[in-house]
Amino acid sequence: MQSKRTLFLIEVAIFTAFALVLDLLPFLSFRIWAQGGSVSFAMIPIFIVAFRWGLKGGLLSGFLYGTLQIATGTAWIMHPIQGALDYPIAFTVLGVAGLFAPVVQRALKDNNHKLFAGYLALGVLAGISLRFVSHYLAGVVFFESLIDGMNIWVYSLVYNGSYLLPAYLINIIVIGYLFIKRPKLMLGESKDKQQAA
Amino acid sequence: MKSLILGRYFPNDSIIHRLDARAKLVAALYFIGLLFFIDHGLGYLFVGLFTLGVMYLTKIRLSVFIKGVRPLIFLILFAAMMRVLFTGGGEVFVSWGPFTISSQGLWVGLFTFMRFILIIFISTVLTLSTKPVDLTDAINALLKPLRKLGVPVDDFALMLSISLRFIPNLLDETQRVMDAQRARGVIFGEGTIVEQMKKLVPIVLPLFASSLNRAEEMADVMDVKNYQSGEKRTHFRQLTWHTSDSIALLMMVGLTAVVIVVNYTMV
């Protein structure tokens, strides 16, 4: 007999650790800008948690990830509001992809790959779009405190778009491929259940 | 695990290292907030000297701190330049279109530069002198009031420590899988984005599968040991508050007083 809540807590924790590992490994990310903003694969485990456990898991994993970045000193904080928007908030909102968890799981169970890919793309798009908004606002807050009347809106848009757009495509492709190859990853079936079935 | 160090913790024996993580976290956050209220050169000079003093007390070489600034130096210089060029007032030295270089602007630029450097220095002091586990305990302690609102703070703390605990294991495992792939002739860090993505899948897939197994085993073990989420827990590592921690916080109050006095008396 296994408590589902304990499993949930541990799985989210380990996958979030995995996200940090993917971000730390130098070969596995492409740094586009010196000040962070890299196209890394860190979002993949967060999205996987979101699709496995739904909204709650996704949000929790994202928030945990943002907090871990601050705790391990990999975060760049120059302004209190920018710090909050760039780390805890930006990664927490990735979890909204979890709203699509039920439909994504059903499509995968029915072996409907087209529908599956469509929902997956929508979920990841929702998460990354909100992350974009968060980084975008963080950029505006940061530069607003420096310059008046410059095209900071455009700058923040271009800067954040430049790495989140490729990240979006990479995430959809990698996650889609992972799930189609190993549907077990997504459906969250425990060993016991499989043995019983 | 070879060259990969988690976080930036720099083990050492110093007054700053021995301070309670909660005191350091609160003081650092407060200090960064305070920096935004300084509007006089003398105030910056004072907090600057204070920061240098704290850095000296960590007994860590200055070059380690400078390294922390390096990735951001262009952004900081750019920000300071913007402030110089777009601030008027005082004696105007150069005026060209919308840009002016004035005495006021130069001061504001210098303040901006100082503020960013000090933010980086003080947060570097925090992360160099505090173990990530202690820092997460401190974050948890600060989040505790949220418990009253029904936020599962203890569950979150548990997750933070599990994550931190497993990062080295996962790094090890990742290295091993990558070595296995290298042995088969895969070269990492080369090729187009699409090629690199293809190399990623055979790394990530076994790792995900083993992470899932590990999570399940750990959950079983915790259930066997009768872990109940929501019950009161005791902790193996205890943070202890000393007089020096109270003094550190009092120094923040003192700094605030200095900043207020300087802001109001100097014009």
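Residues numbered from 1 in each chain as written. Chains lettered and ligands numbered in written order. Predicted model: local features only at pLDDT ≥ 70, side-chain atom pairs only at ≥ 80, totals over all residues. Heavy atoms only, no water.

Novice: Honestly, the environment of alanine 21 of chain B in this entry has me stumped. Any pointers?
Specialist: All names here are of chain B. When you line up the elements, alanine 21 lands in helix α2 (residues 21-35). Taking relative accessible area as the criterion, alanine 21 reaches 3% and is therefore assigned buried. Along the chain, alanine 21 and glycine 88 lie 67 residues apart, while their C-alpha atoms are 43 Å from each other. (Helix = DSSP H or I, 4+ residues; strand = E, 2+ residues; numbered from the N terminus. Buried < 20%, exposed > 50% of the residue type's maximum accessible area, 1.4 Å probe, protein only.)

Novice: Please clarify how the UniProt feature "transmembrane region" (unreviewed entry) in chain B should be interpreted in this entry.
Specialist: All names here are of chain B. Here, the residues flagged by UniProt with the feature "transmembrane region" (unreviewed entry) are residues 21-38, 44-60, 72-94, 106-128 and 247-266. A helix fraction of 83% and a strand fraction of 0% characterise residues 21-38, whose end C-alpha atoms lie 26 Å from each other. Annotated as 95% helix and 0% strand, the span residues 247-266 places its first and last C-alpha atoms 28 Å apart. (UniProt positions renumbered as here; feature names shortened; annotations may be inferred.)

Novice: Teacher, can you tell me more about the interface of chain B and chain A here?
Specialist: It is common to report an interface's size as the accessible area lost on association of the parts. In this complex, chain B contributes 67 residues to the contact, which on the side of chain A involves 63 residues. Between chain B and chain A the total buried area reaches about 6000 Å² when both faces are included, carbon and sulfur atoms providing 81% of it. For the pair chain B and chain A, the number of links is 1 salt bridge. Salt-bridge contacts for arginine 5 of chain A lead to aspartate 155 of chain B; the nearest nitrogen and oxygen are separated by 2.3 Å. Going through the elements one at a time, α5 (73-86), α6 (103-129), α7 (132-143), α8 (153-183) and α9 (193-224) of chain B are the ones with two or more residues in the side of chain B that touches chain A. (Contact = heavy atoms within 4.5 Å. Buried area = accessible area lost by both parts, 1.4 Å probe. Salt bridge = Lys/Arg side-chain N within 4 Å of Asp/Glu carboxyl O.)

Novice: How do you make sense of the environment of proline 88 of chain A when you look at a structure like this?
Specialist: Residues and elements named next belong to chain A. One can find proline 88 in helix α3 (residues 80-92). On the accessibility criterion, proline 88 (18% relative accessible area) is buried. With 26 residues separating them in the primary sequence, proline 88 and glycine 62 have C-alpha atoms 7.4 Å apart. Residue contacts for proline 88: discarding those within four places in its chain leaves Phe63, Gly66, Ile70 and Gly83.

Novice: Could you clarify how one ought to interpret the nonpolar core in this entry?
Specialist: In a soluble, globular protein the nonpolar side chains are often hidden away together inside. Counting residues in hydrophobic clusters, the biggest one holds 81 residues, and the most contacted among them are Ile44, Phe47, Phe51, Leu178 and Phe179 of chain A together with Phe208 of chain B. Per-element tally for this core: the top contributor is helix α1 (residues 4-24) of chain A, with 14 residues. Contact partners of phenylalanine 179 of chain A, with chain neighbours within four places excluded, come to Ile48, Phe51, Leu108, Phe116, Leu120, Leu185 and Met186 of chain A. Formed by 38 residues, the second largest nonpolar core is a distinct cluster that contains Leu34, Val64, Val125 and Leu255 of chain B. (Core = buried A, V, L, I, M, F, W, Y, C linked by side-chain atoms within 4.5 Å.)

Novice: Which parts of the structure should I look at to understand the packing of aromatic side chains?
Specialist: Aromatic rings considered in pairs are described by the distance between their centres and by the relative angle of their planes. Taken as a whole and judged by the stated rule, the model has 12 aromatic pairs over all chains. Note on phenylalanine 116 of chain A and phenylalanine 179 of chain A: the rings are 6.4 Å apart at their centroids and 70° apart in plane angle, and the pair reads as edge-to-face. Of this pair, phenylalanine 116 of chain A sits in helix α5 (residues 113-144) while phenylalanine 179 of chain A sits in helix α6 (residues 152-181), and the two are 63 residues apart along the sequence. With a relative accessible area of 0%, phenylalanine 179 of chain A lands in the buried category. Ring centres 5.8 Å apart and planes at 10° place the aromatic pair phenylalanine 132 of chain A and tyrosine 136 of chain A in the stacked group. Of this pair, phenylalanine 132 of chain A and tyrosine 136 of chain A both sit in helix α5, separated by 4 residues, roughly a single helical turn. Residue tyrosine 136 of chain A is classed as buried on the basis of its relative accessible area, which comes to 15%. Pairwise contacts between aromatic rings join Phe15 and Phe18 of chain A together with Phe208 of chain B into one cluster. Positioned above the aromatic ring of phenylalanine 116 of chain B is the side chain of arginine 115 of chain B, whose terminal nitrogen or guanidinium carbon lies 5.7 Å from the ring centre. A cation sits over an aromatic face here: arginine 165 of chain B above phenylalanine 166 of chain B, 5.7 Å from the ring centre. (Phe/Tyr/Trp six-rings, centres within 6.5 Å; stacked < 30°, edge-to-face > 60°. Lys NZ or Arg CZ within 6 Å of the ring centre and 35° of its normal.)

Novice: Sorry, what's going on with the UniProt feature "transmembrane region" (unreviewed entry) in chain A here?
Specialist: Residue and element names in this part refer to chain A. The positions that UniProt labels "transmembrane region" (unreviewed entry) are, in the present scheme, residues 7-26, 32-51, 63-81, 87-104, 116-143 and 163-180. Counted over residues 116-143, helix gives 100% and strand 0%. Its end C-alpha atoms are 40 Å apart. As annotated, residues 163-180 has a helix share of 100% and a strand share of 0%, and its two end C-alpha atoms lie 26 Å apart.

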